[in-house]
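Structure assessment
Spelled out from the first residue to the last, the chains are:
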Amino acid sequence: MIDKGEPYKKLKPSYIIFICPFDQFGMGRHIYTFENICKEDKSVSLKDGTTKIFLNAKGTMDDVSPRLKAFLDYVAGKKPADPFVDELEEAVENARKNREWRHEYMTLLMRDQENIEMGMEKGMEIGTAKGIIETGIDFGLSEGELLRRLQDKLNITFESAQEYLEKFGKQTV
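Residues numbered from 1 in each chain as written. Predicted model: local features only at pLDDT ≥ 70, side-chain atom pairs only at ≥ 80, totals over all residues. Heavy atoms only, no water.

**Brief notes about the nonpolar core**
Quick note on the threshold: Side-chain atoms within 4.5 Å are what join buried Ala, Val, Leu, Ile, Met, Phe, Trp, Tyr and Cys residues into a set we call a nonpolar core. Partly exposed describes any residue whose relative accessible area lies between the buried limit of under 20% and the exposed limit of over 50%, with all areas from a 1.4 Å probe on protein chains only and scaled to the type maximum. Under the scheme used here, helices are H or I runs from DSSP no shorter than 4 residues and strands are E runs no shorter than 2 residues, and both carry numbers assigned from the N terminus. Any pair of residues with heavy atoms lying within 4.5 Å of one another is described as a contacting pair.
Among the nonpolar cores identified, the biggest contains 12 residues, and these are A129, I132, I133, L146, L147, L150, L154, I156, A161, Y164, L165 and F168. Every element with two or more residues in this core is listed here: α3 (99-138), α4 (143-154) and α5 (158-172). Setting aside residues up to four positions removed in sequence, L147 forms contacts with F158, A161, Q162 and L165.

**Description of the confidence of the model for the protein**
Heads up, the rule is: Confidence of the predictor at the level of single residues is given by pLDDT, which spans 0 to 100.
The pLDDT averaged across the protein works out to 89; a share of 98% of its residues lies at or above 70. At the low end of the mean pLDDT range in the protein sits helix α2 (residues 83-97), at 86; at the high end sits α4, at 95.

**Some thoughts on the sheet that holds strand β1 (residues 14-20)**
For clarity, the threshold we go by: Note on pairing: DSSP must find at least two bridges between two strands before they are called paired. With axes taken as lines fitted to C-alpha atoms, and helix axes fitted only over the stretch in contact, angles between N-to-C directions fall between 0 and 180 degrees.
Overall, mixed pairing links the 3 strands, which are arranged β1-β3-β2 in an open sheet. One side of each edge strand has no neighbouring strand; the edge strands of this open sheet are β1 and β2 (31-35). Across this sheet, the average inter-strand angle for adjacent strands is 15°, counted without regard to direction. Here 7 bridges tie β1 to strand β3 (residues 50-56), and the two strands are oriented parallel to one another. Residue C20 lies in a different strand from β3, and its bridge partner there is N56.

**Focus on the side chain of N56**
Which entries qualify depends on this criterion: The term polar contact refers here to a pair of N or O atoms within 3.5 Å; inside protein, the definition further demands a hydrogen-donor-capable atom paired with an acceptor-capable atom, and it admits residues adjacent in sequence only when both atoms are side-chain atoms.
Examined against the element boundaries, N56 turns out to sit in strand β3. Look at N56 and you get buried, because its relative accessible area is 1%. A polar contact is formed between the side chain of N56 and the backbone oxygen of R29, at a distance of 2.7 Å. Discounting chain neighbours no more than four positions away, the residues touching N56 are C20, F22, D23, R29, H30, Y32 and L72.

The structure is reproduced here in structure tokens:
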């Protein structure tokens, strides 16, 4: 972190590493490395010390060290003969046996599932609201009638109905 007005040069290098069981970019590489470059002029670099690395377990090129290749093979579900992978496998087995870790993992899974369900419900609400508004406009309903229908059908507040009408009413007119 740097304070306001301080130069980027004071930032320490940072790395964001994505470990993917698929080839995000479809080029067959095991590793894709990105730095912040200006889209309009590739000769201009942000030089903020941030590097993003995508590791691809499905790579086909000979572009990483044998140790990293062994790790990526492990991520892909293969069991290569490698001391680091053996150590990693042991750590994973120990984690699976750990009750507290399993409880935390299950709690996270439940939270993720709840978030997915909430997102689906919100998506359905938005789709229904958009449909009500589009149909209501097609039938010449007044703004007041549209607001009442949104509140009744979706069981939402007047303010929420207004937000939907502002968002989707302008798109359809």
